[in-house]
Amino acid sequence: MPEEKERMEEKPEQVIDYLRISITDRCNLRCVYCMPAEGVESMSHEQILSYEEILRFTEAARGVGISRVRLTGGEPLVRKGAVGFVRMLSGLEPGLKVSLTTNGVLLSRYAGELREAGLARVNISLDTLDPGTYRSITRVGELEDALAGLRAAIDAGLEPVKVNVVVLKGLNDDPLPFARMASELPVHVRFIEFMPYFGEHGKWYVPSDVIRARLEAAGKLEDVESPEGWGPASYARMKGAQGTLGFISPVSCHFCPSCNRLRLTADGRMRTCLFDRNGYDVKRELRSGASGERLREIIVDELERKRAEGDQKPPPGAHVRAADHMSRIGG
Ligand code: SAM
Ligand code: SF4
């Protein structure tokens, strides 16, 4: 009997089925919460995994239960051949779901081709709808380019189109323009808590509850169930709206136990968490001719490590020494 009780109290197996791949450390923007003004020293061509190497790794990951892949960066669309790579990944059998996180600046050029190459869904990072604030946050960007990308994604039939907003106190912490956007367009806006990964934590951090309260003060919010595979956000909808409003709260809310992600950085390190300080040097294995079986073993060991180590997130308010720049790890 005690044995049976013990079994019943065991934690459910943490399913890790989602791989985020940073395909480049380069970016055409310099967002204040992600990069220093001078940018980050670019890695050499040799340091970055080739598409063929990423494909070999992904095939192995597919063999141990990864069913969804998200391409990120840096800005993934600045890497030459990104559309062709989406086509290669989408062709991996049995059906891998491929998505993309982009700042949207180049999306008006590529949305149609990406859809045709097999891309299903897209997340666009767009932190404000005010041109001046957009320039202040991205340092170099034009709001109109990102908005054109967003429109192109909708027109191309990418579905769902999500908008990521990293909320920064005093800069873009009025959520109402985005609530109007989600009313008028079929987009799902997610307000993300700024993580103290880079930049000024105390000065910028706004908890999700504050944003939600501001939205509730403006109109009734109905909670909606988060569709399967929509990540750690909780979602709500304004009455009559086409899209939804989501809240991603990596700082104020503890979602590590349900985290389903594995990450591959542009320079070929496998990380089990954004705050994983070491990671595993997959590039060395790939370049020394590791077989598919060896790669699968390594991934399984790392997944075990993730489950065993559990929460690697520092406590709220702690000063975080980043293991690497977010633009290299991929967010
Ligand atoms: N360049 C692409 C983009 O901006 O969507 C992909 C890479 S970017 C590093 C991926 C995600 O990380 C973006 O949604 C970005 O907003 C988020 N991010 C970067 N730094 C962050 C921080 N300090 N706190 C919270 N999110 C952050
Ligand atoms: Fe570039 Fe994305 Fe980082 Fe902004 S958040 S600097 S777009 S990698």
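These numbers come from a predicted model, not from an experiment.

Q: How do you make sense of helix 5 (residues 131-138) when you look at a structure like this?
A: One full turn of an α-helix is made of 3.6 residues, so residues set three or four places apart face in the same direction. Listed in full, the buried residues belonging to helix 5 are Thr 133, Tyr 134, Ile 137 and Thr 138. The buried side chains of helix 5 occupy one side of the element, clustering within an arc of 120° when seen end-on. Looking at the packing, one finds that the buried side of helix 5 touches helix 6 (143-155). Its side-chain oxygen at 3.2 Å from the backbone nitrogen of Gly 132, Asp 130 defines the N-terminal cap of helix 5. Phi turns positive, to about 70°, at Arg 139, one or two residues after helix 5.

Q: Would you mind showing me how to read the nonpolar core here?
A: Across soluble globular proteins, nonpolar side chains show a tendency to be buried alongside one another. Of all hydrophobic cores here, the largest spans 99 residues; its most connected members are Tyr 33 and Phe 191. Not counting residues up to four positions away in its chain, the partners in contact with Phe 191 are Val 165, Val 167, Pro 175, Phe 178, Ser 208, Ile 211, Leu 215, Leu 245, Gly 246, Phe 247 and Ile 248.

Q: Looking at this structure, how should I read the environment of Gly 231?
A: Its place among the elements puts Gly 231 in the loop between strand 7 (221-224) and strand 8 (234-238). In this structure, the C-alpha to C-alpha distance between Gly 231 and Ile 248, residues 17 residues apart in sequence, is 8.8 Å. Here Gly 231 is in contact with Ser 226 and Arg 261, once residues within four sequence places are set aside.

Thresholds, definitions, all that
Residues numbered from 1 in each chain as written. Chains lettered and ligands numbered in written order. Predicted model: local features only at pLDDT ≥ 70, side-chain atom pairs only at ≥ 80, totals over all residues. Heavy atoms only, no water. Buried < 20%, exposed > 50% of the residue type's maximum accessible area, 1.4 Å probe, protein only. Helix = DSSP H or I, 4+ residues; strand = E, 2+ residues; numbered from the N terminus. Arc of directions from axis to C-beta. Contact = heavy atoms within 4.5 Å. Polar contact = N/O pair within 3.5 Å; in protein donor to acceptor, adjacent residues only side chain to side chain. Core = buried A, V, L, I, M, F, W, Y, C linked by side-chain atoms within 4.5 Å.

The values are spatial; any link to function lies outside them.
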